[in-house]
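# Fold and geometry: a report
This is what each chain is made of:
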Amino acid sequence: MSLIIRRADASDGPFLAEILVAAAFWRPDGPNGSVAQALSQPELAHYITGWQRPDDLGVIALDEQQPIGAAWVRLLSESDRGYGFVDAATPELSMGVVRAWRGRGIGFRLLDALIDAAREQGLTALSLSVEPDNYARHLYERVGFRKVDEVGGSLTMLLRLHESIDAG
């Protein structure tokens, strides 16, 4: 595997929509979803509709030229809160890896690259929502995300970007 991580650009919107589906319907035993289904649900669509806004920031993992994963952050407003909303100044993280590529450390590499890019942009924190039994929760905790709330059975987690990443 020759993994390359690059910054996401406006042309990556369709792939990010596919990854949004992978993230939203993460359970191996279903249910499954489609891009059309995700985009028809405002609570999911606002994470990707209109990509790339001026404050959007993302990274794409490629094997050769094939995209296999992505992580991105987007600011959402008080009136259009996401699942991991903390406040209007804290962008929410979305990420996922194509199912066939999971379990190979790609998620960590994506998250590490996105956190570095967020620090470079001067962001001070990132938030997310994760179900307690989602295996990605351990990755988020490993890089420093901490539970700040529980909403509807999901954890809202926050990463303050002045904290360091433990690669161990």
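You'll find the structure just up there.
Residues numbered from 1 in each chain as written. Predicted model: local features only at pLDDT ≥ 70, side-chain atom pairs only at ≥ 80, totals over all residues. Heavy atoms only, no water.

### Structural notes on helix α1 (residues 13-24)
Here is the rule: The secondary structure listing takes helices from DSSP runs of H or I that are at least 4 residues long and strands from runs of E that are at least 2 residues long, numbered from the N terminus. Expected span of a helix, by definition, is 1.5 Å for each gap between consecutive residues, and there is one gap fewer than residues. Think of it in three bands: with a 1.4 Å probe and only protein chains considered, a residue is buried below 20% of the maximum accessible area for its type, exposed above 50%, and partly exposed in between. Any two residues whose heavy atoms approach within 4.5 Å at even a single point are treated as in contact.
Taking 1.5 Å of rise per residue, 12 residues should cover 16 Å, and α1 covers 16 Å from first to last C-alpha, within 8% of that figure. Those residues of α1 that sit buried are Gly13, Phe15, Leu16, Ala17, Ile19, Leu20, Val21 and Ala22. At its buried positions, α1 is contacted by α2 (35-39), α3 (42-45), β2 (57-63), β3 (66-74) and β4 (92-97).

### As for unusual backbone geometry
In this structure, Gln52 follows Trp51 across a cis peptide bond, with omega equal to 25°. Here Gln52 is to be found in the loop between α3 and β2. One non-glycine residue, Glu64, adopts positive backbone phi at about 60°. Relative to the helices and strands, Glu64 is located in the loop between β2 and β3.

### Here we look at the environment of Leu126
By the secondary structure assignment, Leu126 is in strand β5 (residues 125-130). Placed 92 residues apart in sequence, Leu126 and Ser34 show a C-alpha to C-alpha distance of 27 Å. Filtering out sequence-adjacent residues up to four positions away, Leu126 remains in contact with Val73, Thr90, Pro91, Ile115, Ala118, Phe145, Met157, Leu158, Leu159 and Leu161.

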